[in-house]
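The chain contents come next:
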Amino acid sequence: MLPTNNLATPDPQPPPAELRAALMPAVPLIVDAAIAAISGHDPAPDHSQVALERNLRRGLSDAVDRWFDTVSPSTETDLHFALGRAQARAGRSLDELMSFYRIAAQTMWRRLAEVGTAAGIEPPDLYRLAETGFGCVDELSTQAAAGFADEQSHRSGASRSRRSELVRLLLKDPQPAASVLAATAHAVGIELSPTLAFF
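The structure presented is a predicted model; accordingly, all values stated were derived computationally and were not measured. (Residues numbered from 1 in each chain as written. Predicted model: local features only at pLDDT ≥ 70, side-chain atom pairs only at ≥ 80, totals over all residues. Heavy atoms only, no water.)

A word on the overall build of the protein
At step 1: Within the protein one finds seven helices and zero strands.
At step 2: Secondary structure of the protein in N-to-C order comes out as α-α-α-α-α-α-α.
At step 3: Across the 199 residues in the protein, those meeting the buried criterion constitute 37%.
At step 4: Pairs at least 24 apart in sequence give 71% of the contacts found in the protein among residues at least 6 apart.
At step 5: With an accessible surface of roughly 12000 Å², the protein has 57% of that area assigned to carbon and sulfur atoms. (Helix = DSSP H or I, 4+ residues; strand = E, 2+ residues; numbered from the N terminus. Buried < 20%, exposed > 50% of the residue type's maximum accessible area, 1.4 Å probe, protein only. Contact = heavy atoms within 4.5 Å. Areas by Shrake-Rupley, 256 points an atom, 1.4 Å probe, with all protein chains shown as cover.)

Pasting the structure below:
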């Protein structure tokens, strides 16, 4: 039996500076490729594409910086949390959000490997880059999922508040104008019957 201390996984080592220097010129094209791949899998309506691509470009650019740097950037530490909230507000599911990160990681790694191989980067350095990169994406997707959950929680609480307000108005004596009741009901997705009555 192998000693247990031989089974410990060493911490990923940061890629060498020369690897970053060799690959960074290709990053804009790599980000574009990842955006195109994600957009091709997005079932959302066309009107949301501009916002989606803007958010993707910010998130992917930040991910590349973290992928290559030994220390995560200190700025915009809540970026991916905010992106997760934005996707929840856009009506996307958590599965869709996580697929964006998965597709981005796969596309970016494939392009980085192509560029690195063409530039003569040694395979061990590319393997090290993959290890740090996928670990980075896993961390960022966790932040995005937390943001998504936070937004869902806020929306759920707001919905309960609106329903409570509708009940309060319906029970009020005298009741508000029909237009006020209709607007409040519409906000919670309810259509009031003109013959609604309480006994």
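From this point, the discussion proceeds with the structure in view.
As for the side chain of arginine 92
At step 1: By the element assignment, arginine 92 lies in the loop between helix H4 (79–89) and helix H5 (94–118).
At step 2: Since its relative accessible area comes to 7%, arginine 92 is described here as buried.
At step 3: At a separation of 2.7 Å, a polar atom in the side chain of arginine 92 contacts the side chain of glutamine 87. (Polar contact = N/O pair within 3.5 Å; in protein donor to acceptor, adjacent residues only side chain to side chain.)

Quick look at the pattern of salt bridges
At step 1: Applying the stated criterion to the full structure yields six salt bridges.
At step 2: When the shortest N-O distance is used, the salt bridge between arginine 57 and aspartate 32 registers 2.9 Å. Placement of the pair is arginine 57 in helix H3 (residues 49–68) and aspartate 32 in helix H2 (residues 27–41), with a sequence separation of 25 residues.
At step 3: Exposure remark for arginine 57: the relative accessible area of 39% places this residue in the partly exposed category. (Salt bridge = Lys/Arg side-chain N within 4 Å of Asp/Glu carboxyl O.)

Quick word on the confidence of the model for the protein
At step 1: Here the protein averages 75 in pLDDT, and 67% of its residues register 70 or above.
At step 2: With pLDDT under 50 throughout, residues 1–5 is counted as low confidence; its partners more than four residues away or in other chains account for one contact. (pLDDT = per-residue confidence, 0-100.)

Observations concerning the packing of H4 against H5
At step 1: Where H4 contacts H5, the two axes come as close as 10 Å, and the packing angle between them is 135°. The orientation of H4 relative to H5 falls into the category oblique. Once H4 is placed against H5, the crossing between them reads as right-handed. Residues His80, Leu83, Gly84 and Gln87 of H4 lie in contact with H5, whose contacting residues are Leu97, Phe100 and Tyr101.
At step 2: Residues of the contact of H4 with H5, tallied by class, amount to four nonpolar, three polar and no charged. (Axes fitted to C-alpha atoms, helices over the stretch in contact; angles between N-to-C directions. Parallel < 35°, antiparallel > 145°, perpendicular 65-115°, else oblique. Left-handed = near helix turned anticlockwise from the far one by under 90°. Nonpolar A, V, L, I, M, F, W, Y, C, P; charged D, E, K, R; others polar.)

Looking at H2
At step 1: With 15 residues, H2 should cover 21 Å at 1.5 Å per step; its first-to-last C-alpha distance of 21 Å lies within 8% of that length.
At step 2: Within H2, burial applies to Val27, Ile30, Val31, Ala33, Ala34, Ile35, Ala37, Ile38 and Ser39.
At step 3: Buried residues belonging to H2 abut helix H1 (17–23), H3 and H5. (Expected span 1.5 Å × (residues − 1).)

Comments concerning the nonpolar core
At step 1: Membership of the largest hydrophobic core comes to 36 residues, with the highest contact counts inside it found for Leu60, Phe68, Tyr101, Met108, Leu112 and Leu129.
At step 2: Sort the elements by how many residues they give to this core and H5 lands first, with eight residues.
At step 3: In this structure, methionine 108 is in contact with Ile30, Ala34, Leu60, Val64 and Trp67, ignoring residues within four places of it in sequence. (Core = buried A, V, L, I, M, F, W, Y, C linked by side-chain atoms within 4.5 Å.)

Some thoughts on the packing of H2 against H3
At step 1: Put simply, H2 and H3 touch, their axes get as near as 10 Å, and they point 135° apart. Looking at the two axes, H2 sits oblique to H3. Relative to H3, the crossing made by H2 is right-handed. Only Gln49, Glu53, Leu56, Arg57, Leu60, Val64 and Phe68 of H3 make contact with H2, whose side of the interface consists of Val27, Val31, Asp32, Ala34, Ile35, Ile38 and Ser39.

Description of H5
At step 1: Over its 25 residues, H5 runs 36 Å from end to end, which matches the ideal 36 Å to within 8%, given 1.5 Å per residue.
At step 2: The first or second residue beyond H5 is glycine 120, which carries a positive phi of 80°.

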